[in-house]
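Per-entry structural report
The lines below spell out each chain.
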Amino acid sequence: MKLVIFDLDQTLVDFIEVHDKVTRILFNKFFGVDAGLTEIDFAGRSLQENFRELARLKNIPEEIFKVNSRKLLGDYETAFRNSLPADAGRYVLPGARELLSELARTDHIIALYTGDSPGIVSAVFQATGLGSYFRFCQYGTEVAARADMVKLAVDKAGKLAGRKFRNKEIVIIGDATRDIACGQLFNALTIAVATGFHSRARLLAAGPDYLFDDLKDYRMVIKAINHLPVG
C-alpha cells in the first residue's frame, strides 16, 4: 500500500488557458493592469503565491494587493467556474482518467494536492468527473507551503490506513520542479510528467525518480508507482 499524491493543473487536467483568462479579467478589475498567469513561473505554486508574484511583476504596491487579495480569491473562484467550457472533459490530459481508474482498483490511497482553492477544485471535479477517484484533497490556499500539504496528506492517510507512510511509500506525481523538490524533502518517490510549464530538460535536472512525457502509457506509470523498472 502506498500514498499516491497527484498534482492537478497540467498533470491531470489543463485549464491554464481558463486560469490565464480569469487572471487577466480580475487583475484589470482590481488593479487596472493587464496581467496574465503565464507571464510568471506559476507551476507548482498556490494561487495566492502566483497572485502576489504577478502583482510584484506589475509593480502593484503590496498594501494595495493585501487589501484586495481576499476579495480577489473569492471573485476568482466564481469567474473560474463561470468560464469553464461546456466540453470540459476534453481538458483531462491523455491517460489521466485511465491511470486513476486503474489505481482505484488497488489498495493505494489516492490523494490530490494543488495550489488551487477548494472552490476551483470542486468546479474542476464537477466538470470532469475526476473527483470520485480521490480519498481526500489538500489545498494550497489553506497552508503556507506545498510541503505542508504533503505533511497533512501523510497524517490523513496514516489515520485512514492505521499505519504510517514513509519514504518511497509516499509517491508524488506532478509537472513542476517544485513537485520534485517537495517530494525529495520527504524522501518520497517522485514521478514527473512533462505536460506543463516546466520543460523535460528542466524536470530532469531536478532529479525525479521517474520522468514521463505524459500519462498516456499509464501502465508504465503504475510500474513506476510500484517502484519497478520501466525500461
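The coordinates are above.
Residues numbered from 1 in each chain as written. Predicted model: local features only at pLDDT ≥ 70, side-chain atom pairs only at ≥ 80, totals over all residues. Heavy atoms only, no water.

Taken as a whole and judged by the stated rule, the model has 0 disulfides. Here Cys137 is not disulfide-linked; the sulfur of Cys182 is the nearest cysteine sulfur, at 16 Å. Residue classification places Cys137 among the buried residues on the basis of a relative accessible area of 14%. For Cys182, a relative accessible area of 5% corresponds to the buried category. (Disulfide = S-S within 2.5 Å. Buried < 20%, exposed > 50% of the residue type's maximum accessible area, 1.4 Å probe, protein only.)

Given 3.6 residues to a turn, an α-helix orients residues that are three or four positions apart in the same direction. With 16 residues, helix H6 (residues 146–161) extends 23 Å from end C-alpha to end C-alpha; this agrees with the ideal 22 Å at 1.5 Å per step. When we look at burial in H6, the residues that qualify are Arg146, Ala147, Met149, Val150, Ala153, Val154, Ala157 and Gly158. Along the axis of H6, the buried positions cluster into a sector of 170 degrees, meaning they face one direction only. Where H6 is buried, its residues contact strand S1 (3–6), strand S2 (109–114), strand S3 (136–139), strand S4 (170–174) and helix H7 (177–185). Residue Gly162 follows H6 closely and has a positive phi angle near 70 degrees. (Helix = DSSP H or I, 4+ residues; strand = E, 2+ residues; numbered from the N terminus. Expected span 1.5 Å × (residues − 1). Arc of directions from axis to C-beta. Contact = heavy atoms within 4.5 Å.)

Turning next to the side chain of Lys2. You can see Lys2 is positioned in the segment before S1. Although buried, Lys2 forms no salt bridge, and the nearest oppositely charged side chain, Glu169, lies 8.3 Å from it. In this structure the side chain of Lys2 is engaged in a polar contact, spanning 3.3 Å, whose partner is the backbone oxygen of Lys168. Not counting chain neighbours up to four residues away, the residues in contact with Lys2 comprise His108, Ile109, Phe165, Lys168, Glu169, Val171, Leu189, Ile225, Asn226 and His227. (Lys, Arg positive; Asp, Glu negative; His and termini not counted. Salt bridge = Lys/Arg side-chain N within 4 Å of Asp/Glu carboxyl O. Polar contact = N/O pair within 3.5 Å; in protein donor to acceptor, adjacent residues only side chain to side chain.)

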